[in-house]
Amino acid sequence: MFERYKKELQELKQNFCDRKLISLKKAGKYIFEDNKKYLNLSSNDYLGIAEDRKILKNFLKIADFSMGSASSRLLTGSSYVYAKLECLLAALYRKEKALIFNSGYHANAGIMSALLTKKDAVFCDKLNHASILDGIKLSGAAMFRYKHLDYEHLEELLQKNRNDYETAIIVTESVFSMDGDIADLNRLIELKNKYGAILIVDEAHAFGVYGNRGLGIAEEQNCIHDIDLIVGTFGKAIGSMGAFCTGHEVLVNYLINKCRPLIFSTAIPEINIAFSYYVITEVIPNLKHERKELIKTSVRLREKLSALNLQTTGCSHIVPVILGENQTAVNVSKELINNGYYLLPVRHPTVAPNSARIRISLRADIKYDELDAVPDIIKATITNC
Ligand SMILES: Cc1ncc(COP(=O)(O)O)c(C=O)c1O
């Protein structure tokens, strides 16, 4: 009865593409497995907040919140704690309204599938996250994927197709999760105005890290005002759990009525929402120096990778090393782990076939000297392959 699944699992293994769950212990920037210690370079805890016990202890001193919400937000899952965070987010971004979701996946899949129908079209960067693509597929809308960051290609697609559809949405990540490069949001705003489209920007990997107040790339590129819907997540730099969108009141009200992951899932507990509020108000404003250090480290790391002729992309705190074959990425990862660096291979379907890579995910408390050996190990492993 399960032969089909067994066969597929074997095929994945043969192609160096099988996955398994690991049981880890974490402490600060380190991971412990079988009593061995590794520098954690694979997490999205970019500011070290999720693993900071001091922040947690300080929060728990003032925490008096439930650990379960017991229903969807549309029933009794939505308390004043949610309202407080949503008001804060709308005020920070100077938008009309904000809405919290259980995760970034719920947010993107729910927003795209709610706002689009078969009569509509979406113009989507080729490297956008799976949660965006899944939402689009669910909606049944026509999808036009433009070449990654290629806005001339986007304009060609808009020119040719925009008028055949009722509503058009342009959707992009700001910092791309697997390539570490950054969208030109002002260019996208020009195009959305020219062709009458809604612009949605997913700041999952930028919220907390970029901009003067940590609001993301839209803040850094000074264009928050002109983006129709901004999505951010709490599970990455904020060190908590959940996600939000903020924008026009009518869009948010529509989502409250139509967004199925919001309507049909138990809301995450108050304690997480309160922790996100605490981090955004009490922690993030004090981390300007850390945010600068994160970027400085990424610049030095990219310089060394380039000096060794290793292929990297982007300019953010996410530093990929593109290796091509799955097997190469798996071998490089094993060698890095043997040397104390917790770096896992990223393969299809997370990235395109034949573009397997090691994704070095930097943290503000990891100094450059601690990872200076990483490019050398990668180079030596691929040379010996
Ligand atoms: C760009 C992007 N958006 C959304 C998500 C999903 O966010 P979450 O992990 O909160 O579900 C991810 C997850 O890695 C992501 O990379």
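Figured I'd write up the structure that's included with this text. These numbers were taken from a predicted model, which means no experiment stands behind them.

Reading the values: the criteria
Residues numbered from 1 in each chain as written. Predicted model: local features only at pLDDT ≥ 70, side-chain atom pairs only at ≥ 80, totals over all residues. Heavy atoms only, no water. Pairing = 2+ DSSP bridges. Helix = DSSP H or I, 4+ residues; strand = E, 2+ residues; numbered from the N terminus. Axes fitted to C-alpha atoms, helices over the stretch in contact; angles between N-to-C directions. Contact = heavy atoms within 4.5 Å. Phe/Tyr/Trp six-rings, centres within 6.5 Å; stacked < 30°, edge-to-face > 60°. Buried < 20%, exposed > 50% of the residue type's maximum accessible area, 1.4 Å probe, protein only. Core = buried A, V, L, I, M, F, W, Y, C linked by side-chain atoms within 4.5 Å. Domains from an automatic or database assignment. 1 Å grid on protein atoms, 1.4 Å probe; cavity = no way out; pocket = protein on both sides within 12 Å on 5 of 7 lines; lining within 4 Å. Points joined across faces, edges and corners; volume = space filled by probe spheres on them. Nonpolar A, V, L, I, M, F, W, Y, C, P; charged D, E, K, R; others polar.

### Regarding the sheet that holds strand β5 (residues 121-125)
Here is step 1: Taken together, seven strands build an open sheet; the order of strands is β4-β10-β9-β8-β7-β5-β6 and the sheet is mixed. Lying at the two open borders of the sheet, with one neighbouring strand each, are β4 (97-101) and β6 (142-146). Going from strand to strand, the sheet's axes swing by 20° on average, the running direction of each strand aside.
Here is step 2: Here four bridges tie β5 to strand β7 (residues 168-173), and the two strands are oriented parallel to one another. Along β7, the bridge assignment pairs Cys124 with Val171.
Here is step 3: The strands that helix α4 (residues 80-93) touches are β4, β9 (229-233) and β10 (243-247); relative to β4, the one it contacts most, it runs at about 130°.
Here is step 4: Of the strands in this sheet, β5, β6, β7 and β8 (198-202) touch helix α6 (residues 130-139), which is tilted by about 160° from β5.

### Re the packing of aromatic side chains
Here is step 1: The full count for this structure, using the stated rule, is eleven aromatic pairs.
Here is step 2: Ring geometry for Phe123 against Phe144: centres 5.2 Å apart, planes inclined by 20°, an arrangement best described as stacked. Here the residue Phe123 occupies a position in strand β5, and Phe144 occupies one in strand β6, the gap between them amounting to 21 residues. Judged on exposure class, the residue Phe123 and its partner Phe144 are both buried.
Here is step 3: Ring geometry for Phe144 against Tyr165: centres 5.9 Å apart, planes inclined by 70°, an arrangement best described as edge-to-face.

### Regarding the nonpolar core
Here is step 1: By size, the foremost hydrophobic cluster in this structure holds 89 residues, and its most contacted members are Leu41, Ile170 and Ile360.
Here is step 2: It is helix α12 (residues 270-283) that contributes the most residues to this core, eight residues altogether.
Here is step 3: Both domains that meet at this core, namely domain 1 (24-47 + 288-384) and domain 2 (56-285), each give it at least three residues.
Here is step 4: Setting aside residues no more than four positions away along its own chain, Ile170 makes contact with Phe123, Tyr146, Leu154, Leu158, Leu188, Leu191, Lys192, Ala197, Ile198, Leu199 and Ile200.

### Some remarks on empty space enclosed by the protein
Here is step 1: Scanning the model with the defined rule gives one cavity of 30 Å³ or more in all.
Here is step 2: Taken as a whole, the largest cavity holds about 40 Å³ of empty space.
Here is step 3: Taken together, Arg73, Ile100, Phe101, Asn102, His106, Pro261, Leu262, Ser265 and Ala267 make up the full set of residues lining the largest cavity.
Here is step 4: Among the secondary structure elements, those contributing two or more residues to the lining of the largest cavity are β4 and α11 (260-263).
Here is step 5: A class-by-class count of the residues in the lining of the largest cavity yields five nonpolar, three polar and one charged.

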